[in-house]
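Understanding the architecture of this molecule
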Amino acid sequence: MTTLLFPNLTAKPVSNESMLVLWYQPWVETTHSAAKLQRIWLEAANEALRHELDFISTVAPIYSKLTYCMLGFEGPQTPSSMTTCYHNIAGDMTEATFNRMRKVSELSEDLRERIWSEL
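Every value quoted in this text rests on a predicted model; they were computed, and no experiment measured them.

**A word on the overall build of the chain**
Scanning the chain from terminus to terminus reveals 2 helices and 0 strands. Looking at the chain as a whole, 11% of its 119 residues are labelled buried. Taking the intrachain contacts of the chain between residues at least 6 apart in sequence as the baseline, contacts between residues at least 24 apart amount to 72%. Accessible surface for the chain amounts to roughly 10000 Å². Of this, 64% is attributable to carbon and sulfur atoms.

**A closer look at the packing of aromatic side chains**
Aromatic ring pairs are described here by two measures, namely the spacing of the ring centres and the angle between the planes. Evaluation of the coordinates by the stated rule reveals 0 aromatic pairs. We note R100 situated over the ring of F55; from NZ or CZ to the ring centre the distance is 4.3 Å.

**Some thoughts on the state of the cysteines**
With the rule as written, the count across this model stands at 1 disulfide. One disulfide bridge connects C69 with C85, the sulfur atoms lying 1.3 Å from each other. The chirality of the disulfide connecting C69 with C85 is right-handed, given an S-S dihedral of about 75 degrees. Here C69, found in helix α1 (residues 16-71), pairs with C85, found in helix α2 (residues 79-118); they are 16 residues apart in sequence, far enough to count as distant. Of the two residues, C69 and C85, both sit in the buried class.

**A closer look at the layout of surface pockets**
It is the rolling of a water-molecule-sized probe over the atoms that shows where space remains empty. Space inside the largest pocket adds up to approximately 180 Å³. Lining of the largest pocket is provided by 14 residues; of these, C69, E74, S81, M82 and C85 occupy positions nearest its centre. The set of elements that each furnish at least two residues to the lining of the largest pocket consists of α1 and α2. Broken down by element, the residue count for the lining of the largest pocket peaks at 6 residues, all from α2. Among the residues forming the lining of the largest pocket, the class breakdown is 6 nonpolar, 5 polar and 3 charged.

Rules behind the numbers
Residues numbered from 1 in each chain as written. Predicted model: local features only at pLDDT ≥ 70, side-chain atom pairs only at ≥ 80, totals over all residues. Heavy atoms only, no water. Helix = DSSP H or I, 4+ residues; strand = E, 2+ residues; numbered from the N terminus. Buried < 20%, exposed > 50% of the residue type's maximum accessible area, 1.4 Å probe, protein only. Contact = heavy atoms within 4.5 Å. Areas by Shrake-Rupley, 256 points an atom, 1.4 Å probe, with all protein chains shown as cover. Phe/Tyr/Trp six-rings, centres within 6.5 Å; stacked < 30°, edge-to-face > 60°. Lys NZ or Arg CZ within 6 Å of the ring centre and 35° of its normal. Disulfide = S-S within 2.5 Å. 1 Å grid on protein atoms, 1.4 Å probe; cavity = no way out; pocket = protein on both sides within 12 Å on 5 of 7 lines; lining within 4 Å. Points joined across faces, edges and corners; volume = space filled by probe spheres on them. Nonpolar A, V, L, I, M, F, W, Y, C, P; charged D, E, K, R; others polar.

Any link to function would need more than the numbers given here.
Set out below in structure tokens:
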């Protein structure tokens, strides 16, 4: 009859530093990725707010022009002058709105690219 030999299963002593490394390394890697994704999201939110502020700063003078037209500060109001004024304002608002939509659509594509490049 033969005897089965088992390998020596004695535990090696583990220092506190090696335990810290075993715990710390995976934690840092996951936290670092989450922090990067958080930074990307905050940058995208910052850009969106900046675009909204640009839109508001573009629209504010347009509303001022509308007020001048409605109150007749640019001279006596006639139907043709009111029509011309409203058409100019509508064109400015349309252009500002299209610029806003273009920037927003670029923002979502840029955010997706940043996230995918990070992952």
